[in-house]
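Understanding the architecture of this molecule
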Amino acid sequence: MQAYELDRPERLRAHLACTRQLYQPLADGQGTLRWQRLNADDERPFVVPAEPPVFSAKAFFFAEREALFRYENGQFIPLPPAVHPQVLFGLAACDLTAVAYQDRFFASDPHYQARRAATLLVGVDCAHSCRHGFCAMMDSGPEVRPHTADLILCPLEQRWLLLVASEPGEQALTGLALQPAPADWARQRDAQALQVAVEQGEQTEIALGCAALNGETVDSQTWEALGLRCLGCSGCTSVCPTCSCFAPLQQPGVAGGVVQERVWDSCLYQGFQKEASGHNPSATPGQRVQRFWYHKFGDDFRQRFGRDGCVGCGRCDAVCPGGIGVHQVMKRIGQP
Ligand code: SF4
Ligand code: SF4
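None of the values given here were measured: they were computed from a predicted structure.

Turning our eyes to something else, we now look at the overall build of the protein. On a plain count of helices and strands, the protein comes out with 12 helices and 12 strands. Its C-alpha radius of gyration of 21 Å places the protein within 12% of the 20 Å reference for a compact globule of 336 residues. Along the longest, intermediate and shortest principal axes, the C-alpha atoms of the protein span 65 × 60 × 40 Å. Within the span of the protein, comprising 336 residues, buried residues form 48% of the whole. Just so you have it, the protein exposes about 16400 Å², and 53% of that area is on carbon and sulfur atoms. Seen as two clouds, the 30 positive and the 36 negative side-chain charges of the protein have centres 4 Å apart.

Quick look at the structure:
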């Protein structure tokens, strides 16, 4: 990868924002980080987030609600999304791995792919572990994986390392004066990543929980005990960067036609799998909780997608009102 020395990330940000809509996680005034749009002349300092933003970047590609096509006078009429060149600035390594995961899931989806093709991804290495993160053991961080980003920022002491990870990334730098980075900065980056991994610790409950889940040693009473704590609020599935369930929704169109929409759905909802016959393969809360975690850590899904469905962002720990985020669940099911 081409490596440059960068004095201020804000200079890169302003450069990219001249030709694209730029979004960055920013404080919302209520103590949380949310993705917000910035103009090229915005001089707010760029700070590596200590915690991930409440929502990941998935809604930029997989819209929470959108129309797919309309049916009128016996014809299906596609409704392609309005797409603008955009840049997501300051994505953490775990969220970039999640985007790469979603890229595979939505590989044949024209709406997702249209937005994705118009987007430049600028990742940033984490200099410290967030509260609930375990990206190091999930092979998704703390340093940005090159195949997941176009450009990578790495904060080093009073300077920034800028790595070019793709051809669009290289092109986006045209016109920006940059000097090559000193050769030893790559070693500093590796050392920093190792330090963050040490901060995260071993977190053995995750590995033990995975082994129990795939060894099918978890009895149904354990899952139902966890299910009792699930309120079916969909908090976890909304914030999880790899959750991709959606439901079709038909709205009346013009002249008796129909507009077909899709909306985010949640496998923790009681009726998520309910069939037209009335049969529900995941009728109990415990079955639904089990299903969710099998999709994150099950061997079948790992084989299908080339990695686990969990990237270790810890958001489910932060939002679950029932206290059954990833650490609590893995700890409970991994107990002998
Ligand atoms: S956030 Fe917790 S309570 Fe809400 S649906 Fe997910 S597991 Fe259930
Ligand atoms: S399951 Fe939890 S920790 Fe894993 S990616 Fe989803 S929200 Fe993050």
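After presenting the structure, the write-up continues.
To continue, consider the site of ligand 2. Ligand 2 sits among Phe134, Cys240, Pro241, Trp293, Lys296, Cys310, Val311, Cys313, Gly314, Arg315, Cys316 and Val326. Contributing elements (two or more residues each) for the shell around ligand 2: helix H9 (285-297) and helix H11 (315-319). Its residues assigned to classes, the shell around ligand 2 shows nine nonpolar, one polar and two charged.

Moving on: the sheet that holds strand S5 (residues 75-78). Read from one edge of the open sheet, four strands run S5-S4-S12-S11, paired in antiparallel fashion. Lying at the two open borders of the sheet, with one neighbouring strand each, are S5 and strand S11 (246-252). Here the strands of the sheet are splayed against their neighbours by 25 degrees on average, with no regard to which way each runs. Note: strand S4 (residues 65-72) against strand S12 (residues 258-264), six bridges, orientation antiparallel. Bridge pairing in S12 links Ala67 to Glu261.

Turning our eyes to something else, we now look at the site of ligand 1. In the vicinity of ligand 1, the residues found are Cys230, Leu231, Gly232, Cys233, Ser234, Gly235, Cys236, Leu268, Cys320, Pro321 and Ile324. Class assignment for the residues of the shell around ligand 1 results in eight nonpolar, three polar and no charged.

Tallying each qualifying case throughout the model produces 17 aromatic pairs. Consider the rings of Tyr71 and Phe76, whose centres lie 4.7 Å apart with planes at 50 degrees: the pair is tilted. Since its relative accessible area comes to 34%, Tyr71 is described here as partly exposed. Here Phe76 falls in the exposed class, since its relative accessible area comes to 61%. An aromatic cluster is present here, built from Phe61, Phe62, Tyr101, Phe105, Phe106, Tyr112, Phe246, Trp264 and Phe305 joined pairwise through their rings. Against the face of Phe246 rests Arg262, its NZ or CZ located 5.1 Å from the ring centre.

What follows covers the pairing of strand S3 (residues 33-38). Within a regular strand, the side chains alternate between the two sheet faces. Strand direction decides the pairing type here: strand S2 (residues 21-27) and S3, joined by six bridges, are antiparallel. For Ala27, the partnering residue across the bridge sits in S3 and is Leu33. Hairpin connection of S2 to S3: five residues between the antiparallel strands, including Gly29 at a positive phi of 85 degrees.

Before going further, it helps to examine the environment of Arg20. By the secondary structure assignment, Arg20 is in the loop between helix H1 (9-17) and S2. For the pair Arg20 and His84, spaced 64 residues apart in sequence, the C-alpha to C-alpha distance is 7.5 Å. Ignoring anything within four residues of it in the chain, the contact list for Arg20 reads Pro85, Gln86, Val87, Leu120 and Ala172. Only 3.0 Å separates the side chain of Arg20 from the side chain of Thr19, close enough to count as a polar contact.

A separate point is H1. Among the nine residues that make up H1, seven are buried, leaving the element largely enclosed by the rest of the structure. By the burial criterion, the buried members of H1 are Pro9, Glu10, Leu12, Arg13, His15, Leu16 and Ala17.

This brings us to the pattern of salt bridges. Pairs can form between side chains of opposite charge whenever their charged atoms are close. Considering all chains together, one arrives at 18 salt bridges under this definition. Ionic pairing is found between Arg159 and Glu5, a salt bridge with its closest N-O pair at 3.5 Å. Of this pair, Arg159 sits in strand S9 (residues 159-164) while Glu5 is found in strand S1 (residues 2-6), placing the two residues 154 residues apart along the sequence. Residue Arg159 is classed as partly exposed on the basis of its relative accessible area, which comes to 34%. Where Arg115 meets Glu66, a salt bridge forms, and the shortest distance between an N and an O atom there is 2.6 Å.

Reading the values: the criteria
Residues numbered from 1 in each chain as written. Chains lettered and ligands numbered in written order. Predicted model: local features only at pLDDT ≥ 70, side-chain atom pairs only at ≥ 80, totals over all residues. Heavy atoms only, no water. Helix = DSSP H or I, 4+ residues; strand = E, 2+ residues; numbered from the N terminus. Rg over C-alpha atoms; globule rule 2.2 N^0.38 Å. Buried < 20%, exposed > 50% of the residue type's maximum accessible area, 1.4 Å probe, protein only. Areas by Shrake-Rupley, 256 points an atom, 1.4 Å probe, with all protein chains shown as cover. Lys, Arg positive; Asp, Glu negative; His and termini not counted. Charge placed at Lys NZ, Arg CZ, Asp CG, Glu CD. Near = heavy atom within 4 Å. Nonpolar A, V, L, I, M, F, W, Y, C, P; charged D, E, K, R; others polar. Pairing = 2+ DSSP bridges. Axes fitted to C-alpha atoms, helices over the stretch in contact; angles between N-to-C directions. Phe/Tyr/Trp six-rings, centres within 6.5 Å; stacked < 30°, edge-to-face > 60°. Lys NZ or Arg CZ within 6 Å of the ring centre and 35° of its normal. Contact = heavy atoms within 4.5 Å. Polar contact = N/O pair within 3.5 Å; in protein donor to acceptor, adjacent residues only side chain to side chain. Salt bridge = Lys/Arg side-chain N within 4 Å of Asp/Glu carboxyl O.

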